Amino acid sequence: MVIPAYNNVRDIEATIRSVLTQDYDDFELIIADHSSADGTGEVIARFASDPRVRILEPTPSGGGAQANWNRVSQHARGELIKLVCGDDLLAPQALRAQVAAFDRHPSAVFVASRRDLVDAAGRQLLKARGLAGLTGCIPGRQAALASILAGTNIFGEPCCVMMRRAELEKAGWWDSRFPYLIDQASYSNVMVRGDVVALPEVLASFRVSASQWSVRLMRQQAEQAIAFHESFAREHPGLASRAQVRRGNLKARLMAWARRLAYLWLRRRM
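Bear in mind that the values here come from a model prediction, so they are computed numbers and not experimental data.

Each value, and the rule that gives it
Residues numbered from 1 in each chain as written. Predicted model: local features only at pLDDT ≥ 70, side-chain atom pairs only at ≥ 80, totals over all residues. Heavy atoms only, no water. Pairing = 2+ DSSP bridges. Helix = DSSP H or I, 4+ residues; strand = E, 2+ residues; numbered from the N terminus. Phe/Tyr/Trp six-rings, centres within 6.5 Å; stacked < 30°, edge-to-face > 60°. Buried < 20%, exposed > 50% of the residue type's maximum accessible area, 1.4 Å probe, protein only. Contact = heavy atoms within 4.5 Å.

1. Looking at the pairing of strand β7 (residues 124-129)
Phase 1 of the analysis: Bridge analysis of strand β6 (residues 108-118) against β7 gives three bridges, and the strand direction is antiparallel. Paired with L117 across the strands is L126, a residue of β7.
Phase 2 of the analysis: Counting the residues between successive antiparallel strands, the hairpin from β6 to β7 contains five residues, one of them, G122, with a positive phi of roughly 85°.

In C-alpha cells, the structure reads:
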C-alpha cells in the first residue's frame, strides 16, 4: 500500500485510517508528502508509531504527480501494490477482496473494483461506478481496448485497483506522458502483460473536487485521451483497428462533455 500525499490536510487522516482499519493485515503502508504547504506532513507524522507505516522524507517539490507516485511505489516491497491518493477512502474489505482475486487467478496482473463518488464531507453522490460492465477474469489486451472504446478510464482512480508490483516496474512505473491520464495509461501498460480481474463490489470512495469542473480542463482531458489512444494503438499493433481508435476518440470528446455536465449537476448537489 502506498499513499502519495499532496495538500491533503483536510482528508489525509481519514484516508490513512481507512487503510489501517482493513480486515486484512498482511501489508505495509508507505507514505510520502510531496512538499505540501498546508500541514499535510504534520498529520502524516501522527502515524509514525504504527509498525505497518513507513513515512518517507518529503518528496521535493516539482515533477507533477508522477514524481511522488513513482517514489512511493518504488519504495514498496510487497508483491502487490495499491496506490491511494491522499483524499480517497478504502472499504474495510478492499485489500482482502483484491488479494483473494489474485490468489484465484495467478495469471492476473491487475484487479479493479467499482467505487462510490463522494463529496468533501464523504457524503455519497453516485454509487457503484466503473468497469463498464466488465466482470470476472478477462485478457488484459481486451480490457485495455474496452477502456479505449469507452473513451474514458473505466477502471477508476488508483484507489480502485491493485497491480503486481513487478509488472508496474517492467512497464516503467507511472506513465505521465499524458498527465490527465496517468492512471489509465499506466494501467494499460500493465494490463497488456497478463489478465485482468474485474470485481463488481464497491471497494473504494473517490472524492469529487471542484477543480474538476472547468471547461478548459475538460478540453485538455479529451485531447490527451485522443493522443493516448493513438499512441497506445501504435505501441501495441493488433490491439485496436483504426476504426476502433476513431470510435474511442469520438467517445472521448463526448465523455468529456458528459463529465462536465455531471460535475455541474454534482456541484448543485454539493
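Having seen the structure, we can now continue with the description.
2. Re the packing of aromatic side chains
Phase 1 of the analysis: Inspection of every chain in the model, using the stated rule, returns five aromatic pairs.
Phase 2 of the analysis: Taken together, a centroid distance of 6.0 Å and an interplanar angle of 70° make the contact between F178 and F228 edge-to-face. One end of the pair, F178, is in the loop between α6 (165-170) and α7 (182-191); the other, F228, is in helix α8 (residues 215-235), with 50 residues separating them in the sequence. A single burial state applies to F178 and to F228, both of which are buried.

3. Here's the deal with unusual backbone geometry
Phase 1 of the analysis: Despite not being glycine, N7 has its phi angle at roughly 50°, a positive value.
Phase 2 of the analysis: Mapping N7 onto the fold places it in the loop between β1 (2-5) and α1 (12-20).
Phase 3 of the analysis: According to the relative accessible area criterion, N7 is partly exposed, its value standing at 35%.
Phase 4 of the analysis: The residue A132 is not glycine, and still its phi comes out positive at about 50°.
Phase 5 of the analysis: Inspection of the secondary structure puts A132 in the loop between β7 and β8 (136-139).

4. With respect to the environment of S113
Phase 1 of the analysis: Its place among the elements puts S113 in strand β6.
Phase 2 of the analysis: For S113, a relative accessible area of 1% puts it in the buried group.
Phase 3 of the analysis: Spatially, the C-alpha atoms of S113 and L181 are 18 Å apart, while their sequence positions differ by 68 residues.
Phase 4 of the analysis: In this structure, S113 is in contact with Q98, L131, F155, C160, L199, E201 and L203, ignoring residues within four places of it in sequence.

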